Amino acid sequence: MALNLAVEFTIIPVVAAIVGAVIAAYRKPGPTLASAFQHFAAGVVFAAAAAEVLPSLKHGTSVWPIIIGGGLGIAAMLIIKWLGQRNKGPTGLVALVGIDVYIDGLVLGLGFAASSKTGILLTIALTLEVLFLGLSLAAELSEAAFSRVRIVFTIVVMTLLLPLGALTASSVAQFSPPILTGFFAFGLVALLYLVTEELLVEAHETPDQPWVTALFFVGFLLLLVLEEAMG
């Protein structure tokens with residue numbers, strides 16, 4: 001039931017990505033506005049990782065699933081980074097963003113496997129992140145001379161990897177608790193990589209302004225407040 005709910009909730013970030021693509025295809029956000037959004041999204045995703053995914057690891061009975069799952073997560077993220085440095089063209093970029101979106105769907109499905117509350121909070125965080133991906137990918141494809149229709153179509157197809165990742169989690173959830181713990185460790189590393197190596201790196205490509213930097217902490221605190229309000 002929870003995993004069916006996870007697939008249904010992927011509609012929210014899918015719509016967000018498409019909206020971001022349409023906006024960027026017709027009017028690319030300015031650098032300051034983009035940096036502000038990236039800071040805010042990074043704070044929300046970081047809070048989701050710390051408040052929702054990390055506690056799921058603390059209930060494990062063995063440290064080895066955390067070591068193995070986390071280690072595989074680190075290896076996967078480094079491979080993604082390496083591929084991103086070697087593939088600068090639009091096709092490579094779409095493929096790498098697609099991998100990101102698939103992993104997001106997997107993390108979201110794992111969140112609903114833990115609890116509906118965790119899944120909902122992760123949905124909020126990943127909606128902001130996928131919206132950013134839609135904005136940035138559309139902007140990059142526009143510079144590569146893609147037409148507006150082709151940009152939106154490409155991102156619509158790519159977002160289908162999100163529910164596919166959530167469906168993959170339905171199989172993962174049937175595994176034993178140690179294996180599930182390993183997957184949570186993998187998901188934690190993926191979320192932290194997203195914050196530190198993607199959102200914040202791109203956010204700091206423009207000169208910092210105090211109010212923009214503050215949005216990271218605003219996003220972080222807002223998700224914590226929402227978690228407390230949900231009980």
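Above this text you will find the structure in question.
Summarised in this report is the structure supplied together with it.

Rules used in this analysis
Residues numbered from 1 in each chain as written. Predicted model: local features only at pLDDT ≥ 70, side-chain atom pairs only at ≥ 80, totals over all residues. Heavy atoms only, no water. Helix = DSSP H or I, 4+ residues; strand = E, 2+ residues; numbered from the N terminus. Rg over C-alpha atoms; globule rule 2.2 N^0.38 Å. Buried < 20%, exposed > 50% of the residue type's maximum accessible area, 1.4 Å probe, protein only. Contact = heavy atoms within 4.5 Å. Areas by Shrake-Rupley, 256 points an atom, 1.4 Å probe, with all protein chains shown as cover. Expected span 1.5 Å × (residues − 1). Salt bridge = Lys/Arg side-chain N within 4 Å of Asp/Glu carboxyl O.

So, on to the overall build of the protein. On a plain count of helices and strands, the protein comes out with ten helices and zero strands. Secondary structure elements in the protein, listed N-terminal to C-terminal, are α-α-α-α-α-α-α-α-α-α. Against the globule reference of 17 Å for 231 residues, the protein gives a C-alpha radius of gyration of 17 Å, in line with a compact fold. Summarising its shape, the C-alpha atoms of the protein cover approximately 50 × 35 × 30 Å along the three principal directions. Among the 231 residues that make up the protein, the fraction classed as buried is 47%. Partitioning the contacts of the protein with sequence separation of at least 6, the portion at a separation of at least 24 is 87%. A total accessible area of about 11100 Å² is found for the protein, and carbon and sulfur atoms account for 71% of it.

This part covers helix α10 (residues 210-230). Here α10 is 21 residues long and its end C-alpha atoms lie 31 Å apart, about the 30 Å a rise of 1.5 Å per residue gives. Along α10, the residues that are buried comprise V212, F216, G219, L223 and E227. At its buried positions, α10 is contacted by α3 (31-58), α6 (116-143) and α9 (177-203).

What follows concerns helix α4 (residues 64-86). Between its first and last C-alpha atoms α4 spans 33 Å; for 23 residues at 1.5 Å apiece the expected length is 33 Å, and the two agree. Those residues of α4 lying buried are P65, G69, G70, G73, M77 and I80.

Moving on, we come to the pattern of salt bridges. Proximity of charged atoms lets side chains of opposite charge pair with each other. According to the stated counting rule, one finds two salt bridges in the structure shown. Note that E197 and K81 form a salt bridge whose closest N and O atoms lie 3.2 Å from each other. Residue E197 is found in helix α9, and its partner K81 is found in helix α4; the two are separated by 116 residues along the sequence. Linking K117 and E227 is a salt bridge whose minimum nitrogen-to-oxygen distance equals 4.0 Å. Separated by 110 residues along the polypeptide, K117 in helix α6 and E227 in helix α10 bring together distant segments of the chain.

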